[in-house]
Amino acid sequence: MIRSKIHALIAAVIFIHGTSLSAQSEDLEDQELWVGAQFCYKPNKKWVFGLEQQLRRKDNFKTTDQYFTEVNLKHYISKNMYLGLGGRYISKNDTKGKKTGYENHVRLNADLGYKHKLDAFKFYYRVRLQGKNERNVSELEGDKTEHTLRFKASTLYAIKKWPLDPKVSAELFNDLGVPASVNKFRITIGTNYQAKHFGEFGLFYRFQRQVNRTPVLPTHIFGMRYKYTLKRKK
């Protein structure tokens, strides 16, 4: 039963991918594939520790864009609100310009999140401040820390006796450079399946677009993720 539902999820992503690919031009848009796995440890109701590994492909899945390892921490200051910290070590494949190859970046972030319920709906909100910097490249060589403020809102609709509750989210990226401006947005639809004693499987489709940039290259992102949470026994 579990295996058949997982296969159905994968088939849905392949179907959406095929439909999108036939409807677009490779010169105008790009498609990416994000695959990730996350392990979380929850010693109590207030703390959650996480470790995640992710691989991203670009150029219609033909080229590795980046892979990274991330560690994160959440502390619930109340039942519905949390503070979070995260660190990500990124190996990014630069395929443009005179100098190409993998570059190493470090990204740090601080989060403030809030959630609540309304009937069958669950709402999630997150504000994230992040800084990203390339390793072993000085400011004189052209490197500078990128500071970004992100706003994300999500909603999930809980359907009775149905394991694949739909989830929709929207996110804005604000470049805090001079002058500060919105530089990207994302819209995501997806679902998760909780397999008893085995973890959580997720699938999503994400539309991403740059703002105030020429040319504008919309990106269609298809994602698969696995998450396992270990809770301390009482």
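Relevant structure appears above.
These numbers were taken from a predicted model, which means no experiment stands behind them. (Residues numbered from 1 in each chain as written. Predicted model: local features only at pLDDT ≥ 70, side-chain atom pairs only at ≥ 80, totals over all residues. Heavy atoms only, no water.)

*Asks:* Explanation requested: the pattern of salt bridges in the structure shown.
*Replies:* Proximity of charged atoms lets side chains of opposite charge pair with each other. All chains considered together, the criterion is met by 7 salt bridges. Between Lys58 and Asp65 there is a salt bridge, with the nearest N and O atoms lying 3.7 Å from each other. Pair check on accessibility: Lys58 and Asp65 agree, each one buried. A cluster of three or more residues bridged by salt bridges with shared partners is formed by Lys58, Asp65 and Lys92. (Salt bridge = Lys/Arg side-chain N within 4 Å of Asp/Glu carboxyl O. Buried < 20%, exposed > 50% of the residue type's maximum accessible area, 1.4 Å probe, protein only.)

*Asks:* Is there a simple way to explain the environment of Phe198 in this structure?
*Replies:* Relative to the assigned elements, Phe198 resides in the loop between strand E9 (181-195) and strand E10 (199-210). The partly exposed category is assigned to Phe198, whose relative accessible area is 48%. Each C-alpha atom, one on Phe198 and one on Thr229, is 9.3 Å from the other, the two residues being 31 residues apart in sequence. Excluding residues within four positions of it along the chain, Phe198 makes contact with Tyr226 and Tyr228. (Helix = DSSP H or I, 4+ residues; strand = E, 2+ residues; numbered from the N terminus. Contact = heavy atoms within 4.5 Å.)

*Asks:* Just to check I follow, could you spell out the pairing of strand E3 (residues 63-76) for this structure?
*Replies:* Two faces belong to every sheet, and in a regular strand the side chains alternate between them. As defined by bridge partners, strand E2 (residues 47-58) adjoins E3 across 12 bridges and the pair is classed as antiparallel. Of the residues in E3, the one forming a bridge with Gly50 is Asn72. The turn joining E2 and E3, which pair antiparallel and follow one another in sequence, is formed by 4 residues; a positive phi near 55° is taken by Asp59. In terms of strand pairing, E3 meets strand E4 (residues 81-94) through 11 bridges, oriented antiparallel. Each residue of the ladder has a partner; that of Val71, found in E4, is Gly87. Following E3, the chain reverses through 4 residues before pairing antiparallel with E4. (Pairing = 2+ DSSP bridges.)

*Asks:* It is not clear to me how the side chain of Arg186 should be interpreted in this structure. Could you clarify?
*Replies:* For Arg186, the location among the structural elements is in strand E9. A distance of 2.6 Å separates polar atoms of two side chains, one belonging to Arg186 and the other to Gln208. The contacts of Arg186, once residues within four sequence positions are left out, are Trp34, Arg150, Ser169, Ala170, Glu171, Phe173, Arg206, Phe207 and Gln208. (Polar contact = N/O pair within 3.5 Å; in protein donor to acceptor, adjacent residues only side chain to side chain.)

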